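Each chain, written out:
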Amino acid sequence: MLQAGPAIDIITPHITDAHAIDYPCLHTGFVCEMALPRWAPIHLGPVAIDMSPTKHVVWLGIAAILCLITMLMAARAHARTTFGGQRAPSGFGNGMEAFVLFLRNEVVIPNVGPKGDKFVPFILTLFFFILFANLCGLIPYGSTATGNIGVTATLALITFVVVEIAGMREQGRGYISTIVYWPHDVPVGVKSFMTFIMTPVEIAGKLAKPFALAIRLFANMTAGHVVLLALIGLIFTFQSYIVAPAPVAMAVAISLLEIFVSLLQAFIFALLSAVFIGQIRTATH
Amino acid sequence: MHFFLLQEAAQHADEAVSGGLLSPSGGVMVWTLVIFIFLLLVLSKYAFKPITKAVEEREKALADAIEAAQRDRDDANRLLQDQREQIAAARDEAQKIIADARAAAEQVRGKLIEQAHGETGELLERARREIGAERDRAIADLRLEAIDLAIAGASRVIGKNLDDQSNRQLVQSFLASVPSSKLAPKAGM
């Protein structure tokens with residue numbers, strides 16, 4: 001039954017943003033779309049920003065709400081079972097405390113260094129927000145907001161700003177030396193030459209970090225879905241029920257892997273953010 | 001199914017957000033920023049701060065408990081040491097008291113024995129003196145009796161009363177010439 005139909009891209013629509021969200025229904029394919037409202041773009045000087053909610057914005061909001069519910073419940077359970085810090089928590093509070101404590105004691109404090117406590121809420125929020133957004137992509141009809149370059153770029157930019165502000169607050173005037181390379185132990189001639197060469201490198205290094213953060217998360221989350229869709233697409237490519245079990249089995253395996261990747265990428269984003277904050281706080285040139 | 005996918009793809013093409021996969025959309029970025037900052041503020045205040053605070057309090061409570069246990073153990077050790085020293089001191093003192101008492105008893109005993117000895121000597125001496133005195137008196141009595149007997153004897157012999165003053169003096173002077181040592185053993189008997 002091989003028919004040479006028109007080439008249809010079923011993958012791109014699934015991984016790109018849309019002005020509609022999918023929801024389960026009993027129509028053909030068990031999927032319906034709900035159009036999201038379109039608002040007129042807001043003009044800020046020369047740039048026009050279309051603030052209309054999109055599929056990824058909605059799923060980002062859902063991830064944030066789930067994250068809020070989970071963490072607030074955890075905090076309540078924690079408070080209920082610890083009696084004001086006098087006892088170890090139990091149950092759900094204890095489980096979430098393990099996450100919080102691991103990130104605080106093994107990620108933030110060793111990497112950020114002394115006075116790293118201030119950055120604990122930021123890193124924890126990054127971790128849990130990204131984790132919930134990643135996992136939302138694994139729910140049927142869900143969408144991976146962290147597979148949107150805009151979302152990951154914004155998170156990376158927030159991290160960039162936090163890192164630079166942490167550097168300015170910690171180093172004071174010494175922060176300039178993280179932008180302008182100015183060695184102290186070489187003659188003036190060599191120094192000027194080195195500054196001329198190295199300053200662009202320093203700036204490029206500074207910008208590469210958030211860029212890498214954004215691309216890493218985006219690419220990881222997108223790639224998983226591309227693989228899943230490609231595997232499922234094999235069934236339609238062969239137009240046969242007989243080959244279906246193999247792609248389905250592989251898709252299940254990839255989905256399990258995706259759960260791990262969701263956790264791993266959230267952890268890597270949080271870990272690298274902590275590492276960058278620590279680097280700039282101890283940077284000496 | 002094929003038709004459905006075609007249809008869906010067409011719909012998506014209509015609704016796709018401008019830009020495509022690799023160009024970020026400004027609206028999404030602003031939304032992300034807003035959602036993230038809201039989440040950061042709420043979670044920091046109502047979730048992470050209470051949990052971290054409770055954990056820190058527990059860590060502090062544990063550290064305090066460990067420190068207190070250490071301190072208590074040190075105290076207990078010191079007290080035990082003190083008690084041991086006190087017991088040793090008490091034992092020493094008891095030994096000393098016993099030794100002192102023994103020495104005092106010894107001294108008292110010695111004194112008493114000495115005193116007893118002294119008293120015995122004194123008693124003996126007094127007895128001796130009294131015996132001596134009794135003997136002297138007996139000798140004196142015997143002498144007087146002897147005079148009377150001698151005179152009575154002599155009177156019988158010569159049939160005449162010799163009882164006059166001169167005779168009596170004669171016998172008395174004779175008896176006085178006899179040393180008392182000759183009379184003493186008899187009187188002593």
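No experiment lies behind these values; they were computed from the predicted model shown.

Colleague: Just checking my understanding: could you explain the overall build of chain A for this structure?
Modeller: Of the regular secondary structure elements, chain A holds seven helices and four strands. Projected onto its principal axes, the C-alpha positions of chain A cover 80 × 55 × 45 Å. Sequence-distant contacts, at least 24 apart, represent 61% of the contacts inside chain A between residues at least 6 apart.

Colleague: I tried to follow the interface of chain A and chain B on my own but got confused; where do I start?
Modeller: Often, the extent of an interface is quoted as the loss of accessible area on bringing the components together. Residue-level contacts link 58 residues of chain A with 42 residues of chain B. Elements supplying a minimum of two residues to the side of chain A that touches chain B: helix H1 (11-15), strand E4 (47-49), helix H2 (55-82), helix H3 (91-112), helix H4 (120-136) and helix H5 (149-171) of chain A. Among the elements that make up the side of chain A that touches chain B, the one with the highest residue count is H2 of chain A (14 residues). Tallied by class, the residues present in the side of chain A that touches chain B amount to 33 nonpolar, 19 polar and six charged.

Colleague: Explain H3 of chain A here, please?
Modeller: In an α-helix, one full turn covers 3.6 residues, which means residues spaced three or four apart are oriented alike. Spanning 22 residues, H3 of chain A covers 30 Å between terminal C-alpha atoms, matching the ideal 32 Å at 1.5 Å per step. In H3 of chain A, a bend of some 30 degrees at Arg104 of chain A exceeds every other bend along the element. Among all positions in H3 of chain A, only Gly93, Met96, Glu97, Val100, Leu103, Arg104, Val107, Val108, Asn111 and Val112 of chain A are buried. Against the buried residues of H3 of chain A lie H2, H4 and helix H7 (245-282) of chain A together with helix H2 (26-158) of chain B.

Colleague: Please clarify how the nonpolar core should be interpreted in this entry.
Modeller: Nonpolar side chains tend to gather and get buried jointly when the protein is soluble and globular. In this structure, Leu60, Ala63, Ile123, Phe127, Phe129 and Ile130 of chain A are the most contacted members of the largest nonpolar core, which totals 66 residues. Of all the secondary structure elements, the ones that give two or more residues to this core are H2, H3, H4, H5, helix H6 (188-238) and H7 of chain A together with H2 of chain B. With sequence-adjacent residues up to four places away left out, Phe127 of chain A is seen in contact with Leu103, Ala266, Phe267 and Ala270 of chain A.

Colleague: Any chance you could explain the packing of H4 of chain A against H2 of chain B here in plain terms?
Modeller: Running from N to C, H4 of chain A and H2 of chain B point in directions that differ by 115 degrees, and their axes come no closer than 9 Å. Comparing their axes, H2 of chain B and H4 of chain A come out roughly perpendicular. Remark: the crossing between H4 of chain A and H2 of chain B carries right-handed chirality. Residues Val120, Pro121, Phe122, Leu124, Thr125 and Phe129 of chain A of H4 of chain A touch H2 of chain B, and the partners they reach there are Phe36, Leu39, Leu40, Leu43, Ser44, Phe48 and Thr52 of chain B.

Colleague: What is the right way to look at unusual backbone geometry in this model?
Modeller: Trans peptide bonds make up most of the peptide bonds, and negative phi angles are found at most residues other than glycine. Residue and element names in this part refer to chain A. Of note in this structure, Tyr141 is not a glycine but carries a positive phi near 70 degrees. Structurally, the position occupied by Tyr141 is in the loop between H4 and H5. The partly exposed category is assigned to Tyr141, around which 13 C-beta atoms lie within 10 Å. One non-glycine residue with positive phi stands out, namely Gln239, at about 50 degrees. You can see Gln239 is positioned in the loop between H6 and H7.

Colleague: Sorry, what's going on with the packing of H4 of chain A against H7 of chain A here?
Modeller: When two helices pack together, their arrangement is given by the angle between the helix axes and by the axis-to-axis distance. All names here are of chain A. Interaxial distance between H4 and H7 falls to 8 Å at its minimum, and their mutual angle equals 155 degrees. Taken as axis vectors, H4 and H7 run roughly antiparallel relative to one another. You can see that H4 and H7 cross each other, and the crossing is right-handed. Touching Ile123, Leu126, Phe127, Ile130, Leu131, Asn134 and Leu135 of H4 are Ser262, Leu263, Gln265, Ala266, Phe267, Phe269, Ala270, Ser273 and Ala274, all from H7. Classifying every residue of the contact of H4 with H7 by side-chain character gives 12 nonpolar, four polar and no charged.

Colleague: Hey, could you run me through the confidence of the model for chain A in this one?
Modeller: Reading fine detail from the predicted coordinates is not recommended where pLDDT is low. Considering every residue of chain A, the mean pLDDT works out to 87; 96% of them sit at 70 or more. The element-level mean pLDDT for chain A is lowest in H1 of chain A, coming to 80, with H4 of chain A highest at 94.

Colleague: Explanation requested: the pairing of strand E2 (residues 31-35) of chain A in the structure shown.
Modeller: Consecutive residues of a regular strand have side chains that alternate between opposite faces of the sheet. Residue and element names in this part refer to chain A. As defined by bridge partners, strand E1 (residues 20-24) adjoins E2 across five bridges and the pair is classed as antiparallel. Paired with Tyr23 across the strands is Cys32, a residue of E2. A loop of six residues connects E1 with E2, the two strands running antiparallel in sequence, and Gly29 in this loop sits at a positive phi of about 85 degrees.

Colleague: Can you help me understand the confidence of the model for chain B in this one?
Modeller: Residue and element names in this part refer to chain B. Within chain B, residue pLDDT values average 82, and 81% of them lie at 70 or more. The weakest mean pLDDT in chain B belongs to helix H1 (residues 2-15) at 45; the strongest belongs to H2 at 91. Scored below 50 in pLDDT, residues 185-189 shows five contacts in the model against residues more than four places distant or in partner chains. If you check the scores for this complex, the pTM reads 0.72 and the ipTM reads 0.88.

Colleague: Explain H6 of chain A to me, please; I cannot follow it from the model alone.
Modeller: All names here are of chain A. The end-to-end C-alpha separation of H6 is 70 Å, in line with the 75 Å expected for 51 residues at 1.5 Å each. Pro210, Leu213, Ala214, Leu217, Phe218, Asn220, Met221, Thr222, Gly224 and Leu228 are the residues of H6 that are buried. The inward-facing, buried residues of H6 contact H1, H4, H5 and H7.

What counts and how
Residues numbered from 1 in each chain as written. Chains lettered and ligands numbered in written order. Predicted model: local features only at pLDDT ≥ 70, side-chain atom pairs only at ≥ 80, totals over all residues. Helix = DSSP H or I, 4+ residues; strand = E, 2+ residues; numbered from the N terminus. Contact = placed C-beta atoms within 7 Å. Nonpolar A, V, L, I, M, F, W, Y, C, P; charged D, E, K, R; others polar. Expected span 1.5 Å × (residues − 1). Bend = angle between axes of the 7 residues up to and from the residue. Buried ≥ 20, exposed ≤ 12 C-beta atoms within 10 Å, placed from the backbone. Core = buried A, V, L, I, M, F, W, Y, C linked by C-beta atoms within 7 Å. Axes fitted to C-alpha atoms, helices over the stretch in contact; angles between N-to-C directions. Parallel < 35°, antiparallel > 145°, perpendicular 65-115°, else oblique. Left-handed = near helix turned anticlockwise from the far one by under 90°. pLDDT = per-residue confidence, 0-100. Pairing = 2+ DSSP bridges.

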